[in-house]
Amino acid sequence: GGRGMFSALAALFGLLVPPARALVVTNFTGVYGSYASYNGTGGSVILSPKAHSSIYVRSLVDSFFIPEVVRRADMEGGNIQDMAGVASAQVAITLLEDVTSAGTWTDTVSNALCGRGNNEALEAWRKSVSESLSHPEGYVLTNCENSNYNETIVQEQPAFFHITANSEKGVLFGLGRILRDADISANGTLYMPREKCYCVANAPKPWNRVRGHQLTRWGFDFNPWPSAMKQYVHDLAIFGTNQIELAHIELPADVPRIADYSKLSESLQLNLSLWFPLDLYMGSSEAPAQTKHLLRTIPRLNSIFVPGGDGGIVLAPKPFLEACEGLAKVVRGFHPEAEIWVSAQEFDSKNMTDFYRLVGSNEVQSWLTGVAYGPHVRVPLTEFLRSLPNGTLVRQYPDLCHTVHSQFEVPAWDPAFAWTHGRDPVNPAPKQFHHILTLRENSTYVSSQHKGGRLVGFGGYSEGAGDDLNKMVWCAGAADDLGAESIVVQYSRHFFGSQAASLMKEALFGLENNWRAGDLSSAHAISVLSKTLRDLEAAWAAALIGGKQRQKNWRLQMYIHRGNYDLHVGLRARFERRVVQKARDVLIKHSTSGGNSSSATQALQEASSLLWLPTPRGVKRSISLLERRLSELTMLLNTSVGLSVIQSQSPGLAMSSLYANFSDLYYLRDRVGKALQLPIGRRENAVRKLAEETRILEKGGYLDLLGSPILSEKMHLDMGEGSTSDPSFYFTPLQATTLRPLQTDLPIAWQRFAHPFYDYIMRLKYTGLSRGRAYNLTVVRCTIPEENNQIRVSLRANGELVHDLDVAPYPMAPLSYTIDSATIGENGVLELAWQRETGLGGNGQGGFISSVKLQEIFQ
């Protein structure tokens, strides 16, 4: 019967739910005037319309997570908003007594006409219903029953919805699904779309049992506390999240707020997990006592996740697992059913082999629940699963927040975005992450015939609410098997209202597409985003989004901020890059037309005049207006939710890097200026060097800029499997930039790169080379101060060693080699292959190659 969460909900209504089947009927469209009464028959609870009932309404809203916009509606003085023209929408909740009741209720619910059409469709529906009602988190939703369904007058009928489940969790997720499919009008009215037949029978797949998200320091910064925190957890639950994991905790300071999360998780029957590196337990003499105090204080703890790297103490597998066993005993002394998860992050090949062996031992199996797979694991997920002992449970740990130097990088991201937004931006990427989720649900990973590790879900890594949509995509996609567009529609409708849902969907996909347009100089990407943002801002101003409380809709503010930021960067990039290209064209024209020292001076002077042209008034004004709007939105966000909640690693929404250098404008101003100060006789050579940075000037030459987002600028780079099938880049050259622009005396091309990831071999392939000819090879290797500079890389040409393992020079300088004619061979084919030192652990990065120039040597 109704216990746990369900009884708690009834208690909020001032009701007692008897231990029999309970039926709850709520009139959602009359939500401002609904009231509850117990009818005393058959254990049913009836909620019927009545005025002056704001106390019940608030309880209903707080318990059933009706969106914040509804909660803030005007209910003072018992005023009921005008519901004219809106059909009443009701929800009945049937909580089955036990799982064996599912068979009986299968027939009952199947009579809802959801399986109409033919016997095959009916049987498929009945089977789906039966499976859903036998699942601990399954539910069945219908809104059309045989007894009152009339297709000819459906538009005039009340929309009556029925949730059937065998557990409180099933009720919770079923109600969440209805709320996602519901419409919210601009004035806060919640109503259901009028569909002829709403039929959903859902049960999460076994490989999606755990659907969690990690909240790092930002999870403790919600303001006001704890109401804002509760609202966000409610939002996650509506979209199918069943686990909250707190990370980067500080003891004992965070104990009270961890306890708040624990109490909330208990009331909602969500799992609570802690990311718990070993230094929290054994990093100081006070750590063991602080750990026990925490465990004693919190009422609910379902699991802990102890990382083997990428945070906390890093040990070899044997002492690591021994320490985890000790911690497991302490945790289970307070929470006996708590699961214990570990990871193998940053292990080298020897430690990985040892880890696989030890995890399969009886001793470790006696206390270990499973293994988490996430960033900084040196093998792809397929190999990881295959290498684990049979039956080992595996929980994914996907990085949903980072865009560069991360697990799932934005492919070929324009450096203008990378160097302004940074690594932890507002990054709605529904298509990318739904694709990754779907990719990891294919038979390679979840087949019943699969030997080795077995996927049971995920706990997403997050450093703020900037990846909010990505969280919802992972959970709703996993819980309800929905497509990316369906989830974005639900997200848009739920958080922004039905009137703005279509526009918000366009904006959210537009923000993702804008980062995947390749070269930002393209006018198309900017113009599409610009129009969407104008429409969005107009809708906001007209109160079509969020009603009276739109100033507090932080999600809306966040996405409009991101869009305006993109426009600002785009305007700068288009102007600066066009100026730079015109200046380079002048220098290239001189170098290819047989100029002399005198004409070199003229070319330098012409290039200088172009580079120092003032920004056009219209561009300058637009940039200024965008900056002002960004400042306004930044202040609004800091008030409505707090900047550290959006981005915990770099609070401030990247405003400090808004004017980061991402073009060669300042570099060329400096170099051209210095060239004009040279003696006239040396200026010709200076012009030629500048021209050759981005263009081959002589016949028989090739230049590849490996970090360019433009494919034509890296034609010889073998792209491997590609990011579509290999989103973590284990078998694909990983193309990225430095985390921030380096000094301005380096060309941008030197600060972008591609590199081999872990043991992958990165290749450049040339065909049609001149037979019997030698070639000069010039390579620029990017060196980032204090980052991965000791990673050694070797280079081979057609299998012949060009140079053995060595580190890149610092300061950066071109490296020259000779490829002799015998190496190239008679077929005119050359393959250059770079490989890092094999077997290393860490994050897999290093050995950055920026540009490769191959030039035929003429005798």
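Residues numbered from 1 in each chain as written. Predicted model: local features only at pLDDT ≥ 70, side-chain atom pairs only at ≥ 80, totals over all residues. Heavy atoms only, no water.

Focus on the overall build of the protein chain
Worth spelling out the cut-off: Runs of H or I in DSSP of at least four residues are treated as helices and runs of E of at least two as strands, each being numbered from the N terminus. Exposed residues in this analysis have more than 50% of their type's maximum accessible area, buried residues have under 20%, and partly exposed residues fall in between, with area computed by a 1.4 Å probe over protein chains only. Should any heavy atoms of two residues lie within 4.5 Å, those residues are counted as being in contact. Residue exposure ignores everything except the shown protein chains as possible cover, and the areas themselves are Shrake-Rupley values with a 1.4 Å probe.
Secondary structure summary: the protein chain contains 28 helices and 27 strands in total. Here the protein chain, with 859 residues, has 58% of them falling under the buried criterion. In the protein chain, once contacts between residues fewer than 6 apart in sequence are set aside, the share between residues at least 24 apart is 77%. Carbon and sulfur atoms make up 51% of the accessible area of the protein chain, which totals about 33500 Å².

Topic: the pairing of strand 12 (residues 271-275)
The test is simple: Strands are labelled as partners when DSSP assigns at least two bridges between them. If you view a crossover with the strands going away from you and the path from the first strand over the helix to the second runs clockwise, you call it right-handed.
Among the five residues of strand 12, five are classified as buried, and the element is accordingly described as predominantly covered. Here strand 11 (residues 243-246) pairs with strand 12 via four bridges, running parallel. Bridge pairing in strand 12 places L246 opposite L274. Taken together, strand 11, helix 8 (residues 255-268) and strand 12 constitute a β-α-β crossover, and its handedness is right-handed. Across three bridges, strand 12 lies against strand 13 (residues 303-306) in parallel orientation. Bridged to W275 within strand 13 is F305.

Things to note about the sheet that holds strand 26 (residues 830-836)
Short version of the rule: Between N-to-C directions, angles span 0 to 180 degrees; the directions come from axes that are lines fitted to C-alpha atoms, helices contributing only their stretch in contact.
If you walk across this open sheet you meet the four strands as 21-26-23-24, and the pairing is antiparallel. What marks the edges here is a single partner per strand, and that holds for strand 21 (761-766) and strand 24 (800-806). Pairwise comparison of adjacent strand axes, ignoring direction, gives a mean angle of 10° for this sheet. Where strand 23 (residues 793-797) lies against strand 26, five bridges are found, and the strand directions are antiparallel. Residue pairing for strand 26: R796 is matched across the bridge by A833.

Remarks on the packing of aromatic side chains
The cut-off we apply is this: Stacked, tilted and edge-to-face are the three classes applied to pairs of Phe, Tyr and Trp rings, where Trp contributes its six-membered ring and a pair requires centres within 6.5 Å; stacked means planes under 30 degrees apart, edge-to-face means over 60, and tilted covers the rest. Geometrically, a charge over a ring is one whose NZ (Lys) or CZ (Arg) sits within 6 Å of the ring centre while staying within 35 degrees of the ring normal.
For the coordinates displayed, the defined rule picks out 27 aromatic pairs. Aromatic pair Y397 and Y461: ring centres 5.9 Å apart, planes at 70°, arrangement edge-to-face. One end of the pair, Y397, is in the loop between strand 16 (393-396) and helix 15 (415-421); the other, Y461, is in the loop between strand 17 (454-460) and helix 18 (468-480), with 64 residues separating them in the sequence. The same class applies to Y397 as to Y461, namely buried. An aromatic cluster of at least three residues, connected via ring pairs, comprises F239, Y491, F495, F496 and Y559. Between R180 and the ring centre of F239, over which it is positioned, the NZ or CZ distance is 5.3 Å.

What about unusual backbone geometry?
The linkage connecting W225 with the following residue, P226, adopts the cis geometry, with an omega of 0°. Of note, the bond from L251 into P252 is cis; its omega dihedral lies within 30 degrees of zero at 5°. Following the sequence through the fold, P252 ends up in the loop between strand 11 and helix 8. Of note in this structure, H376 is not a glycine but carries a positive phi near 65°. Relative to the assigned elements, H376 resides in the loop between strand 15 (370-373) and helix 14 (381-387). Not every positive phi belongs to a glycine, and F729 is a case in point at roughly 65°. The residue F729 is located in the loop between strand 18 (701-705) and strand 19 (734-737) in this model.

Digging into the side chain of R669
In plain terms, the rule: For the charge count, each Lys or Arg is scored as positive and each Asp or Glu as negative, with His and the chain ends excluded. The rule for a salt bridge is simple: a side-chain nitrogen of Lys or Arg has to be within 4 Å of a carboxyl oxygen of Asp or Glu. Under the rule applied, a polar contact is a pair of N or O atoms within 3.5 Å (in protein, one hydrogen donor and one hydrogen acceptor; residues adjacent in sequence only if both atoms are side-chain atoms).
With respect to the helices, strands and loops of the structure, R669 is situated in helix 26 (residues 665-676). Buried charge without a partner: R669 forms no salt bridge, and the closest opposite charge is E576, 7.6 Å away. Separated by 2.9 Å, the side chain of R669 and the backbone oxygen of L611 make a polar contact. Once residues within four sequence positions are removed from consideration, R669 is found in contact with L611 and W612.

Describing the packing of helix 19 (residues 484-496) against helix 22 (residues 554-592)
In helix packing, the relevant descriptors are the interaxial angle and the interaxial distance, both defined with respect to the helix axes. Keep this limit in mind: If an angle is under 35 degrees, it is roughly parallel; if it is over 145, roughly antiparallel; if it lies from 65 to 115, roughly perpendicular; otherwise it is oblique. Charged residues are taken to be Asp, Glu, Lys and Arg, nonpolar residues to be Ala, Val, Leu, Ile, Met, Phe, Trp, Tyr, Cys and Pro, and polar residues to be all remaining types, Gly included.
Where helix 19 meets helix 22, the axes come as close as 10 Å, and the angle between the chain directions of the two elements is 120°. Accordingly, the angle class assigned to the pair helix 19 and helix 22 is oblique. Judged by residue contacts, Y491, F495 and F496 of helix 19 engage R555, L556 and Y559 from helix 22. Tallied by class, residues from the contact of helix 19 with helix 22 come to five nonpolar, no polar and one charged.

Things to note about the pattern of salt bridges
Across all of its chains, the model carries 37 salt bridges by this definition. Where E576 meets R572, a salt bridge forms, and the shortest distance between an N and an O atom there is 3.4 Å. Of the two residues, E576 and R572 both sit in helix 22, four residues apart, roughly one turn of that helix. In this structure E576 comes out as buried when scored by relative accessible area, which is 5%. For R572, a relative accessible area of 5% puts it in the buried group. Measuring nitrogen to oxygen at the nearest pair gives 3.4 Å for the salt bridge that ties E837 to R792. Taken as a pair, E837 in the loop between strand 26 and strand 27 (849-856) and R792 in the loop between strand 22 (775-781) and strand 23 lie far apart in primary sequence, 45 residues in all. On the basis of relative accessible area, E837 is assigned to the partly exposed category, the value being 26%.

Looking at the environment of S850
Structurally, the position occupied by S850 is in strand 27. Of the residues examined, S850 reaches a relative accessible area of 0% and is grouped as buried. For the pair S850 and L705, spaced 145 residues apart in sequence, the C-alpha to C-alpha distance is 6.2 Å. Excluding residues within four positions of it along the chain, S850 makes contact with D704, L705, L706, G707, A749, W750, Q751, R752, F753, V780, R781 and C782. Polar contacts involving the side chain of S850 include one to the main-chain carbonyl oxygen of R752, which spans 2.9 Å.

Describing the nonpolar core
Put simply, the test is: Nonpolar cores were defined as sets of buried Ala, Val, Leu, Ile, Met, Phe, Trp, Tyr and Cys residues, with membership established by side-chain atoms within 4.5 Å.
By size, the foremost hydrophobic cluster in this structure holds 137 residues, and its most contacted members are L246, Y261, F276, F355, F384 and Y559. Per element, the largest residue contribution to this core is eight residues, and it comes from helix 11 (residues 317-334). If sequence neighbours within four positions are ignored, L246 has contacts with L215, F220, I258, Y261, L272, S273, L274 and W275. With 23 residues, the next largest nonpolar core counts Y760, L764, V779 and L854 among its residues.

Here we look at the side chain of Q243
Positionally, Q243 belongs in strand 11. If near-sequence neighbours (up to four positions away) are discounted, Q243 is found in contact with V210, R211, G212, H213, N271, S273, S303 and R395.

Some thoughts on the pairing of strand 5 (residues 139-142)
Residues Y139 and L141 line one face of strand 5 and the alternating positions V140 and T142 line the opposite face, and both faces are buried. In this sheet, strand 9 (residues 199-202) lies alongside strand 5 in antiparallel orientation, the contact comprising four bridges. Residue pairing across strands places Y139 opposite N202, the latter belonging to strand 9.

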